[in-house]
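Inside the fold
Listed below, chain by chain, are the residues.
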Amino acid sequence: MVSALAYGNWITHGSQIEEQVARDCVGAALDVGITTFDTADAYALGQAESVLGRALKATGVARDSIEIFTKVYWPTGPNPNNRGLSRKHIVESLHASLDRLQTDHVDLLQAHRFDYEAPLEETMRAFDDLVRQGKVHYVGVSEWSADQIAQALRMADDMGFDRIISNQPQYSLIWRVIEAEVVPLCEKEGIGQIVWSPLAQGVLTGKYPPGAGPPEGTRATGPEGAEMNWLLRDEVLEPVHAFAHLCRDAGHAPATVALSWVLRNQNVSSAIVGASRPEQIQENVRALDLELEPDFVEAIEKALAPATLFDPGFTFSPSRRSEM
């Protein structure tokens, strides 16, 4: 069981915001009923996990009342063994994550991407060993294709390994790639989606006007701004502007609508939200009380259609690849 909104710290903890602000945001998340916290070993090269661990400890929250998720795959150091899904890296990375998070286990360990070099059996066996040792309660993946998930499930069944219970894909009103193949497979196999970037890296808040540069102080002007270039084209921003107009006419904040829409998908277990100030958490939780009427859903989907990606074969070019 997870909270409908999960608190994520991809680009905030350890880099974008001061530690006291991070602690305030974690406290705000707990205050509104968020119990699920998502991070990764590679975020700020481990600092994100450290900040989250200290923030959770400072709140005094009982460990068995929250769910801590982390991930392994992306490089955490210069050595060739500091990356990927080999047994060596999985085990060493998990132990380092536990130290940083100040806990003896994580509730979910996720393969941050598919590793084409490490044998899948080696990866699955390492995950299974960590589950049997009590250091990991469940295992999941992130941004795996339907074929890759199916392959892992077959191997788990054949070898008696612990099965994947979750996938963490990008999913939003304008990034609906998982609907074609991943969601149908996961619904059949009992796998839930823990989706990232439900606000399309902030674009669906409507704060980026078409025909103008991004406002100062926004994520697009920060160190990670280059990853947003594909979202900041007028071909995307003009439909988003129309979407935001529809939302405001209906009396809703665009971000609230975007989050509520994602949570309408029955295969979505939780949507990950980040925050650079506590007020954002309080704003995001309003999505839980918003029920979208079918006619309104049809209208906003139609407005965003020119900017929406469905193609299951779409892949990022190097300039577009995100490392969440």
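Read on for an overview of the structure. Bear in mind that the values here come from a model prediction, so they are computed numbers and not experimental data.

**Here's the deal with the overall build of the protein**
Along its length, the protein carries 11 helices and 8 strands. Taken over the C-alpha trace, the protein has a radius of gyration of 19 Å; the compact-globule value for 324 residues is 20 Å, and the two agree within 12%. Taken along its principal axes, the extent of the C-alpha atoms in the protein is 55 × 40 × 35 Å. Going through the 324 residues of the protein one by one, you find that 53% of them count as buried. When contacts within the protein are restricted to residue pairs at least 6 apart in sequence, those whose partners lie at least 24 apart make up 80%. Split by element, the accessible area of the protein, about 14,200 Å² in all, is 49% carbon and sulfur. Distance from the positive charge centre (27 side chains) to the negative charge centre (45 side chains) of the protein: 3 Å.

**Some words on the sheet that holds strand β1 (residues 5-8)**
The strand order β1-β2-β3-β4-β5-β6-β7-β8 describes a closed barrel built from 8 strands, whose pairing is parallel. With direction set aside, neighbouring strand axes in the sheet form an average angle of 30°. Across 3 bridges, the pairing between strand β2 (residues 36-38) and strand β3 (residues 67-72) is parallel. Along β3, the bridge assignment pairs T36 with E67. Most of the contacts of helix α9 (residues 254-264) go to strand β8 (residues 268-273), to which it runs at about 155°, and overall it touches β1, β7 (192-195) and β8.

**Notes on helix α8 (residues 234-249)**
End to end, α8 covers 22 Å across 16 residues, agreeing with the expected 22 Å (1.5 Å per residue, within 8%). Every buried residue of α8 is listed here: V236, L237, P239, V240, F243, A244 and C247. An end-on view of α8 places all buried positions within 165° of arc, on one side of the element. Looking at the buried residues of α8, the elements they touch are α9 and α11 (294-304).

**A few points about the pairing of strand β5 (residues 136-141)**
In terms of strand pairing, strand β4 (residues 106-111) meets β5 through 5 bridges, oriented parallel. Looking at the pairing, L109 lines up with V139 of β5. Between the parallel pair β4 and β5, the chain is carried across by helix α5 (residues 120-132), and the sense of this crossover is right-handed. Summarising the sheet, β5 and strand β6 (residues 164-167) pair through 3 bridges and their orientation is parallel. Counterpart to V139 in the pairing with β6 is I164. One crossover worth recording links β5 to the parallel β6 by way of helix α6 (residues 146-159), and it is right-handed.

**Some words on the nonpolar core**
In this structure, Y7, L109, W144, I149, L204 and F243 are the most contacted members of the largest nonpolar core, which totals 89 residues. Residue contributions to this core peak at 7 residues, all from α6. Listed in part, the 11 residues of the second largest apolar core include W10, Y43, F69 and I194.

**Describing the packing of helix α3 (residues 47-59) against helix α4 (residues 87-101)**
How two helices sit against one another is set out by the angle between their axes and by the gap between those axes. Interhelical geometry of α3 versus α4 gives an angle of 40° and a closest axis separation of 7 Å. When the axis of α3 is compared with that of α4, the two are oblique. From α3, E49, S50, L52 and G53 reach across to α4, where they touch S97, R100 and L101. Here the contact of α3 with α4 is built from residues that sort into 2 nonpolar, 3 polar and 2 charged.

**Examining unusual backbone geometry**
Apart from glycine, the bulk of residues carry a negative phi angle, and the bulk of peptide bonds sit in the trans form. The phi dihedral of A44 is positive, around 50°, even though this residue is not glycine. Mapped onto the fold, A44 is located in the loop between β2 and α3. Judged by its relative accessible area of 30%, A44 falls in the partly exposed class.

**Topic: the pattern of salt bridges**
According to the stated counting rule, one finds 15 salt bridges in the structure shown. Where E19 meets R23, a salt bridge forms, and the shortest distance between an N and an O atom there is 3.3 Å. In this pair, E19 and R23 are both assigned in helix α2 (residues 19-31), 4 residues apart and thus about one turn of the helix distant. Exposure remark for E19: the relative accessible area of 27% places this residue in the partly exposed category. When the shortest N-O distance is used, the salt bridge between D157 and R163 registers 2.9 Å. The exposure class assigned to D157 is partly exposed, which follows from its relative accessible area of 47%. Members of the salt-bridge network, linked through shared partners, are E19, R23 and R54.

**Re the pairing of β4**
Burial analysis of β4 places 6 of its 6 residues in the buried class, which makes it a mostly covered element. Sheet topology places β3 next to β4; 4 bridges connect them, and they run parallel. Looking at β4, one finds that T70 is bridged to L109. In this fold, β3 hands off to α4, which returns the chain to β4; that crossover is right-handed.

Rules and cut-offs
Residues numbered from 1 in each chain as written. Predicted model: local features only at pLDDT ≥ 70, side-chain atom pairs only at ≥ 80, totals over all residues. Heavy atoms only, no water. Helix = DSSP H or I, 4+ residues; strand = E, 2+ residues; numbered from the N terminus. Rg over C-alpha atoms; globule rule 2.2 N^0.38 Å. Buried < 20%, exposed > 50% of the residue type's maximum accessible area, 1.4 Å probe, protein only. Contact = heavy atoms within 4.5 Å. Areas by Shrake-Rupley, 256 points an atom, 1.4 Å probe, with all protein chains shown as cover. Lys, Arg positive; Asp, Glu negative; His and termini not counted. Charge placed at Lys NZ, Arg CZ, Asp CG, Glu CD. Pairing = 2+ DSSP bridges. Axes fitted to C-alpha atoms, helices over the stretch in contact; angles between N-to-C directions. Expected span 1.5 Å × (residues − 1). Arc of directions from axis to C-beta. Right-handed = clockwise from strand over helix to strand, strands pointing away. Core = buried A, V, L, I, M, F, W, Y, C linked by side-chain atoms within 4.5 Å. Parallel < 35°, antiparallel > 145°, perpendicular 65-115°, else oblique. Nonpolar A, V, L, I, M, F, W, Y, C, P; charged D, E, K, R; others polar. Salt bridge = Lys/Arg side-chain N within 4 Å of Asp/Glu carboxyl O.

What is shown is where atoms sit, not what they do.
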